[in-house]
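# Analysis of the macromolecular model
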Amino acid sequence: STNDIPHVVAISYTYELPFGAGKRYLSSGVGAKIAGGWQITGIHQYQSGRPISLTANNTLPLFNSALRPDVVEGAPKTLDVQNPLADRWINPAAFSIPTGFRLGTAARAYTDLRADGFMNESFGLIKRTPLTEKLTLTFRAEFFNAFNRTVFGSPHGNVSAGNFGRVSSQANTPRQG
């Protein structure tokens, strides 16, 4: 399945700092108002990449959809990627366009032919200050993709295209705060 993601880890947490009224440290006075009510939050997500769908342009007069390519036996499916934006991820010599009115011999996707994995760390900082019994002032700052990790999009899987096996997109957004 192109939705096969064998490894997924998601961690979320909220930690209230032990300062302020009713807490272990600085429980009274002006220091309690300033240092109290702070929370640290985080969401961390890590997962394996999705399998890459392999296709070839339709050369048959029967169907309106893409075909599967042919597999070249003995050729490695992947290449050694040094620069993800310049190098091909998929070996073009491992697949070919089916000829002679055939559908192609390749599988829809391979478990050893995957897009880039996903890694993301997001953090938040919250400060709640009670002003009256019914009124609370809240300060909140959130940072998404805090380490500004780049997750590359899936390499092009159409063997008929000139950019077959190359990445031309980013799958996540840059750091936001």
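Throughout what follows, the structure given in this document is the object of discussion. Numbers given to residues run from 1 along each chain, matching the order in which its sequence is written. It should be noted that, the model being predicted, local features are given only for residues of pLDDT at least 70 and side-chain atom pairs only at 80 or more, the latter also being counted only at that level, while totals for whole chains, interfaces and linings use all residues. Excluding hydrogens and water, the side-chain values take into account all heavy atoms of the structure.

### As for the pattern of salt bridges
Note on definitions: salt bridges are taken to be side-chain nitrogens of Lys or Arg within 4 Å of carboxyl oxygens of Asp or Glu. Under the defined criterion, the tally for this structure stands at five salt bridges. As a salt-bridge pair, R114 and D4 come within 2.6 Å of each other at their nearest N and O atoms. Linking R114 in the loop between β4 (95–96) and β5 (118–130) with D4 in the segment before β1 (8–16), this pair joins segments that are 110 residues apart in sequence. Working definition: helices are DSSP H or I runs of at least four residues, strands are E runs of at least two. Numbering for both runs from the N terminus.

### Some words on the sheet that holds strand β6 (residues 136–143)
If you trace the four strands from one edge of the open sheet to the other, you get β1-β2-β5-β6, paired in antiparallel fashion. Edge strands, defined here as strands with exactly one partner in the open sheet, are β1 and β6. Neighbour-to-neighbour, the strand axes of the sheet open up by a mean angle of 10°, direction not taken into account. Relative to strand β2 (residues 38–47), β1 runs antiparallel, the two being bridged by nine bridges. Counterpart to S12 in the pairing with β2 is I43. A pair of strands is considered paired only if DSSP assigns at least 2 bridges between the two. Orientation is described by lines fitted to C-alpha atoms, with helices fitted over the stretch in contact, and by angles between N-to-C directions that extend from 0 to 180 degrees.

### So, the pairing of β5
In terms of strand pairing, β2 meets β5 through 10 bridges, oriented antiparallel. Bridging from a neighbouring strand, Y46 pairs with M119 of β5. By the bridge criterion, eight bridges tie β5 to β6 in an arrangement that is antiparallel. Directly across from F123, in β6, lies its bridge partner F143. Hairpin connection from β5 to β6: five residues lie between these consecutive antiparallel strands.

### Some details on unusual backbone geometry
It is generally the case that most residues other than glycine have a negative phi and that most peptide bonds are trans. Of note, the phi angle at N145 is positive, near 50°, even though the residue is not glycine. Assignment of secondary structure puts N145 in the segment after β6.

### Focus: the side chain of H44
Relative to the helices and strands, H44 resides in strand β2. Counted as a polar contact is a pair of N or O atoms within 3.5 Å, where, for protein atoms, one must be capable of donating a hydrogen and the other of accepting one, and residues adjacent in sequence contribute only when both atoms are in side chains. Only 3.0 Å separates the side chain of H44 from the side chain of Y13, close enough to count as a polar contact. Those residues within four positions of H44 in sequence are excluded, and the remaining contacts are V9, A10, I11, Y13, N120, E121 and F123. Residues count as neighbours in contact if any of their non-hydrogen atoms are within 4.5 Å of one another.

### Some thoughts on the environment of A10
Note that A10 resides in strand β1. Each C-alpha atom, one on A10 and one on P98, is 41 Å from the other, the two residues being 88 residues apart in sequence.

### So, the side chain of N145
Throughout, exposure labels follow a simple rule: accessible area from a 1.4 Å probe, protein chains only, divided by the maximum for the residue type, with under 20% read as buried, over 50% as exposed, and the rest as partly exposed. With a relative accessible area of 3%, N145 lands in the buried category. A polar contact is formed between the side chain of N145 and the backbone oxygen of T173, at a distance of 2.8 Å.

### Examining the packing of aromatic side chains
Aromatic rings from Phe, Tyr and Trp, taking only the six-membered ring of Trp, are treated as a pair when their centres fall within 6.5 Å; an angle between ring planes under 30 degrees marks them as stacked, one over 60 as edge-to-face, and anything in between as tilted. Enumeration over the complete set of coordinates arrives at five aromatic pairs. When the centroid spacing of 6.3 Å and the interplanar angle of 45° are considered together, the rings of F95 and Y110 count as tilted. Taken as a pair, F95 in strand β4 and Y110 in the loop between β4 and β5 lie far apart in primary sequence, 15 residues in all. One exposure class covers both F95 and Y110, and it is buried. Taking the centre distance of 6.3 Å and the plane angle of 85° together, the rings of F95 and F164 count as edge-to-face. Here F164 lies in the segment after β6 and F95 lies in strand β4, a separation of 69 residues in the sequence. Just as F95 is buried, F164 falls in that class too. Each residue in the set F95, Y110 and F164 is aromatic and connected to the rest through ring pairs, giving one cluster. The ring of Y110 carries the charged tip of K77 above its face, separated from the ring centre by 4.9 Å. Two conditions define a charge located above a ring, namely a distance within 6 Å from the ring centre to NZ of Lys or CZ of Arg, and an angle within 35 degrees of the ring normal.

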